[in-house]
Amino acid sequence: MYDPRSMKAEEFICHEEIEETLAYAQAHKNDRALITSIIEKARELKGLSHREASVLLACEEDDLNEQVCQLAEQIKLDFYGNRIVMFAPLYLSNYCVNGCLYCPYHAKNKHIPRKKLTQEEVRAEVIALQDMGHKRLAIEAGEDPVNNPIEYILDCIKTIYSIHHKNGDIRRVNVNIAATTVENYRKLKEAGIGTYILFQETYHKESYEHLHPTGPKHNYAYHTEAMDRAMEGGIDDVGLGVLFGLELYRYEFAGLLMHAEHLEAVHGVGPHTISVPRVKHADDIDPGAFDNSISDDIFTKIIACIRVAVPYTGMIISTRESEAVRAKALRMGISQISGGSRTSVGGYTEEERPHDTEQFDVSDQRTLDEVVKWLMDSGFIPSFCTACYREGRTGDRFMQLCKSRQILNCCHPNALMTLQEYLEDYASPETKAVGEKLIAAELEKIPNDKVRKLTIEHLAAIKEGSRDFRF
Ligand code: SAM
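Throughout what follows, the structure given in this document is the object of discussion. Just so it is clear, the model here is predicted, and its values are computed rather than measured.

So, on to the pattern of salt bridges. As enumerated under the stated definition, the model contains 33 salt bridges in all. Here E209 makes a salt bridge to K205, at a shortest N to O gap of 3.4 Å. Placement of the pair is E209 and K205 together in helix α9 (residues 205–211), with a separation of 4 residues, close to one helical turn. Residue classification places E209 among the partly exposed residues on the basis of a relative accessible area of 28%. Residue K453 pairs with E457 through a salt bridge whose shortest N-O separation is 3.8 Å. With K453 and E457 both in helix α20 (residues 449–463) and 4 residues apart, the pair spans about one turn of that helix. Owing to a relative accessible area of 56%, K453 belongs among the exposed residues under this scheme. You can call E457 partly exposed: its relative accessible area is 45%. It is possible to trace a salt-bridge network through shared partners that takes in D169, R171, R390, E391, E421, D468 and R470.

Pasting the structure below:
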């Protein structure tokens with residue numbers, strides 16, 4: 001029944017296979033020989049199967065768990081270096097016809113104000129985001145074919161790309177909207193989107209149907225097969241995720257990796273990113289109502305296990321998580337974080353953080369400048385780079401870049417140049433001072449002499465006012 005090549009949700013995310021995997025992992029959680037051999041396999045950086053990775057997640061041997069964490073850190077450094085890509089969510093509309101039990105935008109919530117940005121308001125939000133220094137956005141919207149049809153989303157994307165305020169520029173728009181048709185995915189592709197992101201929420205079909213009692217999102221197969229339609233529509237980069245807390249985390253973990261295996265088997269390229277959101281308090285949502293919440297330790301273990309299982313996949317953590325959790329997660333394999341986020345419709349143009357239309361409470365409420373400085377103080381390079389997608393390095397071409405280890409001659413200088421732009425245009429004097437030092441030190445790590453020389457020239461040009469260099 002389990003068939004990663006099948007196009008049917010219940011065959012590539014096979015419940016029986018997940019149950020057997022969990023039983024196998026449980027039976028081998030203290031099998032030191034097996035666990036050691038899986039860690040050795042992971043060291044070859046070719047990834048792990050959902051079954052192997054599930055054994056690592058179940059492992060109860062402290063020293064071996066420590067080895068997995070160290071390996072996750074090592075893989076992160078080898079593939080992604082110390083760069084962390086920055087982004088911000090932009091909420092367009094909270095109109096929604098679905099009944100998701102965990103989301104305050106559910107249709108039955110009658111007291112939450114419903115709001116949809118006009119193109120003028122999109123413009124104002126984007127200017128506010130550009131003034132913070134953002135270059136990469138993830139647009140978010142509820143599902144409502146009348147209020148937020150695909151044409152509305154396409155108009156917003158057009159508006160976003162058209163705005164160039166001072167030296168500001170949004171260079172990559174990722175899209176997190178409900179599952180849709182091949183035709184609509186094609187339209188999104190034509191509009192120049194980066195990654196299409198859709199969280200599965202839960203891979204457990206029965207729970208999924210219970211958690212999505214009404215609306216189009218109730219259809220498990222339609223939702224689960226969305227990434228195949230997105231790829232058929234020409235979108236190369238897709239982003240997976242589950243909402244941790246809804247179902248048993250071990251089930252979700254196996255499902256997530258099976259989904260990645262399916263994309264690799266059918267389309268020859270795995271997911272571009274994996275997000276790891278956890279259910280948070282929101283307007284009429286109490287996370288305590290879902291009895292599968294996970295501790296911070298389990299959460300970081302999941303991140304480490306995903307890192308070693310799919311080394312070429314970027315991992316995203318949002319401001320749902322606190323500074324302390326993000327600090328730990330960053331070491332375990334996260335490659336992309338949001339900063340200065342507002343999760344309400346129209347939130348960026350408000351002086352005070354508004355709560356009335358917020359999708360969930362934000363734990364990390366620091367400004368982007370504070371997050372950037374914090375990252376640099378912790379030894380990371382905040383990167384505002386969007387080069388890959390603009391150079392057509394998407395899908396398997398991006399994977400090739402990762403695998404050929406050319407990141408230090410490509411992503412690394414791009415990160416330094418976009419950070420320099422940020423320092424020139426948006427940083428506070430303290431952040432700028434820290435950044436200048438960091439860039440000088442990091443330049444030494446570029447292995448290719450020619451690339452290093454060019455980067456130094458471009459950095460000087462950026463200080464003189466030029467923008468948007470890339471390798
Ligand atoms: N409406 C689109 C859909 O149905 O896929 C996507 C946009 S929604 C704004 C983005 C994600 O936020 C959802 O996929 C869900 O995982 C997450 N989310 C919803 N309620 C949440 C909550 N209370 N806490 C944390 N994350 C939540």
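Right, picking up where we left off after that structure.
Burial within strand β2 (residues 136–141) is extensive, with 6 of its 6 residues counted as buried. Bridge analysis of strand β1 (residues 83–93) against β2 gives 5 bridges, and the strand direction is parallel. The partner of L90 across the bridge, within β2, is I139. In this view, the connection linking β1 to its parallel neighbour β2 by way of helix α6 (residues 119–132) has right-handed handedness. Strand direction decides the pairing type here: β2 and strand β3 (residues 172–176), joined by 5 bridges, are parallel. Residue pairing in the sheet places A138 in a bridge with N174 of β3.

Across the 10 residues of helix α15 (residues 368–377), 7 count as buried, placing the element largely inside the fold. Those residues of α15 that fall on the buried side of the exposure criterion are L368, D369, V371, V372, W374, L375 and M376. Positive backbone phi, at 90°, marks G379, one or two positions downstream of α15.

Okay, the site of the ligand next. The full set close to the ligand counts 19 residues, and Y102, E201, K217, K280 and R320 are the nearest of them. Within the side chain of K217, one N or O atom sits 2.9 Å away from an oxygen atom of the ligand. Contact between the ligand and R320: a nitrogen atom at 3.0 Å from a side-chain N or O atom of the residue. Here the ligand, which alone exposes 580 Å², has 97% of that area covered by the protein. Class assignment for the residues of the shell around the ligand results in 10 nonpolar, 3 polar and 6 charged.

Our next topic: the layout of surface pockets. Empty pockets left among the atoms are what a rolling probe the size of a water molecule brings to light. The space that makes up the largest pocket amounts to roughly 420 Å³. Lining the largest pocket are 24 residues; nearest its centre among them are K46, A260, E264, A309 and V310. Elements supplying a minimum of two residues to the lining of the largest pocket: α12 (249–267) and α17 (395–403). The residue makeup of the lining of the largest pocket, split by class, is 13 nonpolar, 6 polar and 5 charged. What the second largest pocket holds in volume is close to 300 Å³. Those elements giving two or more residues to the lining of the second largest pocket turn out to be α6 and α15.

Another point: the packing of helix α2 (residues 15–27) against α12. Following both chains from N to C, one finds α2 and α12 inclined at 120°, their axes separated by 10 Å at the closest point. Relative to α12, the element α2 lies oblique. As for how α2 packs across α12, the hand of that crossing is right-handed. Facing α2, whose interface residues are H15, E17, I18, E19, T21, L22 and Q26, α12 presents R250, Y251, A254, G255 and M258.

Glancing now at the side chain of H259. Relative to the helices and strands, H259 is located in helix α12. With relative accessibility at 2%, the residue H259 sits in the buried group. A polar contact of 2.8 Å, which involves the side chain of H259, links it to the side chain of Y203. Apart from the residues within four sequence positions on either side, H259 is in contact with F12, I13, Y203, T224, M227 and L240.

In this structure the tally under the stated criterion is 6 aromatic pairs. Relative to Y105, the ring of Y91 lies with its centre 6.4 Å away and its plane at 80°, an arrangement referred to as edge-to-face. Here Y91 is found in strand β1, whereas its partner Y105 is found in the loop between β1 and α6, with 14 residues between them in sequence. Here Y91 and Y105 have matching classes, each one buried. Between Y208 and Y220, the aromatic rings sit 5.4 Å apart at their centres with planes inclined by 75°, giving edge-to-face as the arrangement. With Y208 in helix α9 and Y220 in helix α10 (residues 220–224), this pair connects stretches of sequence that are 12 residues apart. With respect to class, Y208 is no different from Y220; both count as buried. One cation-aromatic arrangement involves R229 over Y222; the distance from NZ or CZ to the ring centre is 3.7 Å. The ring of F299 carries the charged tip of R278 above its face, separated from the ring centre by 4.1 Å.

Applying the stated criterion across every chain yields a total of 5 cavities of 30 Å³ or more. Along the wall of the largest cavity there are 46 residues; nearest its centre are E140, N176, F199, R320 and Q359. Broken down by secondary-structure element, the contributors of at least two residues to the lining of the largest cavity are β1, β2, β3, β7 (314–317) and β8 (336–338). Here the lining of the largest cavity gets 4 residues from one element, more than from any other, and that element is β1. Residues of the lining of the largest cavity, tallied by class, amount to 23 nonpolar, 15 polar and 8 charged. Looking at the second largest cavity, its volume works out to about 300 Å³. Around the second largest cavity sit 21 residues that line it, and R83, V85, R136, H272 and F398 are the ones nearest its centre.

Calculation notes
Residues numbered from 1 in each chain as written. Predicted model: local features only at pLDDT ≥ 70, side-chain atom pairs only at ≥ 80, totals over all residues. Heavy atoms only, no water. Salt bridge = Lys/Arg side-chain N within 4 Å of Asp/Glu carboxyl O. Helix = DSSP H or I, 4+ residues; strand = E, 2+ residues; numbered from the N terminus. Buried < 20%, exposed > 50% of the residue type's maximum accessible area, 1.4 Å probe, protein only. Pairing = 2+ DSSP bridges. Right-handed = clockwise from strand over helix to strand, strands pointing away. Near = heavy atom within 4 Å. Polar contact = N/O pair within 3.5 Å; in protein donor to acceptor, adjacent residues only side chain to side chain. Areas by Shrake-Rupley, 256 points an atom, 1.4 Å probe, with all protein chains shown as cover. Nonpolar A, V, L, I, M, F, W, Y, C, P; charged D, E, K, R; others polar. 1 Å grid on protein atoms, 1.4 Å probe; cavity = no way out; pocket = protein on both sides within 12 Å on 5 of 7 lines; lining within 4 Å. Points joined across faces, edges and corners; volume = space filled by probe spheres on them. Axes fitted to C-alpha atoms, helices over the stretch in contact; angles between N-to-C directions. Parallel < 35°, antiparallel > 145°, perpendicular 65-115°, else oblique. Left-handed = near helix turned anticlockwise from the far one by under 90°. Contact = heavy atoms within 4.5 Å. Phe/Tyr/Trp six-rings, centres within 6.5 Å; stacked < 30°, edge-to-face > 60°. Lys NZ or Arg CZ within 6 Å of the ring centre and 35° of its normal.

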